[in-house]
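What follows is the residue order along each chain.
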Amino acid sequence: MSDTALWLVGFRYHVAPDRTVHCFYVVDNARDRQQARRIAADLAATSAERGRRNDIVLDQGWAELRCLHRDFLGRWDLEPAEAVLSY
């Protein structure tokens, strides 16, 4: 079906009571959704990433995972979002 699969993993955080920001990470070395989510969470927890968020904590009850596949013609296909309510 495809020879390349990447994961697009999104997290969110709240900068104000009425404003939510999403940050996304591309993970290319994961076997499955759970591993992709763990790798992205580790990336989000680095001091550089925390600094970009002004040390605002990620919403621990929400993540979004999407798989990107490249077909034999080189076209990318993005699967529909799968929202995960806990990670």
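In what follows, the accompanying structure is described.

Rules used throughout
Residues numbered from 1 in each chain as written. Predicted model: local features only at pLDDT ≥ 70, side-chain atom pairs only at ≥ 80, totals over all residues. Heavy atoms only, no water. Buried < 20%, exposed > 50% of the residue type's maximum accessible area, 1.4 Å probe, protein only. Helix = DSSP H or I, 4+ residues; strand = E, 2+ residues; numbered from the N terminus. Pairing = 2+ DSSP bridges. Core = buried A, V, L, I, M, F, W, Y, C linked by side-chain atoms within 4.5 Å. Polar contact = N/O pair within 3.5 Å; in protein donor to acceptor, adjacent residues only side chain to side chain. Phe/Tyr/Trp six-rings, centres within 6.5 Å; stacked < 30°, edge-to-face > 60°. Salt bridge = Lys/Arg side-chain N within 4 Å of Asp/Glu carboxyl O.

### Brief notes about the pairing of strand 3 (residues 63-70)
Counting buried positions along strand 3 gives 6 out of 8 residues, so the element sits mostly inside the fold. The pairing of strand 3 with strand 4 (residues 76-78) spans 3 bridges and is classified as antiparallel. Opposite His69, over in strand 4, you have Asp77 as the bridge partner. Linkage of strand 3 to strand 4, two consecutive antiparallel strands, is achieved through a turn of 5 residues, within which Gly74 is found at a positive phi near 90°.

### Examining the nonpolar core
One finds Trp7, Val9, Phe11 and Val27 to be the most contacted residues of the largest nonpolar core, which totals 16 residues. Of all the secondary-structure elements, those providing two or more residues to this core are strand 1 (4-16), strand 2 (19-27), helix 1 (33-44) and strand 3.

### Structural notes on the side chain of Asp71
With respect to the helices, strands and loops of the structure, Asp71 is situated in the loop between strand 3 and strand 4. A polar atom in the side chain of Asp71 sits 2.9 Å from the backbone nitrogen of Leu73. In this structure the side chain of Asp71 is engaged in a polar contact, spanning 2.8 Å, whose partner is the side chain of Arg75.

### Re the packing of aromatic side chains
Under the defined criterion, the tally for this structure stands at 1 aromatic pair. Each ring, one from Phe11 and one from Tyr25, has its centre 6.1 Å from the other, and the planes form 55°; the classification is tilted. Placement of the pair is Phe11 in strand 1 and Tyr25 in strand 2, with a sequence separation of 14 residues. Phe11 sits in the buried class, given a relative accessible area of 0%.

### Observations regarding the side chain of His69
Mapped onto the fold, His69 is located in strand 3. At a separation of 3.2 Å, a polar atom in the side chain of His69 contacts the side chain of Glu79.

### Comments concerning the pattern of salt bridges
Using the criterion set out here, one finds 6 salt bridges in the structure. Here Glu79 ties to Arg33 by a salt bridge, and the two come within 3.2 Å at their closest N and O atoms. Here the residue Glu79 occupies a position in the loop between strand 4 and strand 5 (82-84), and Arg33 occupies one in helix 1, the gap between them amounting to 46 residues. When its relative accessible area of 24% is taken as the criterion, Glu79 is described as partly exposed. For Arg33, a relative accessible area of 25% corresponds to the partly exposed category. Linking Glu49 and Arg52 is a salt bridge whose minimum nitrogen-to-oxygen distance equals 2.4 Å. Within this pair, Glu49 and its partner Arg52 are both found in helix 2 (residues 47-52), separated by 3 residues, close to a single helical turn. Look at Glu49 and you get buried, because its relative accessible area is 18%.

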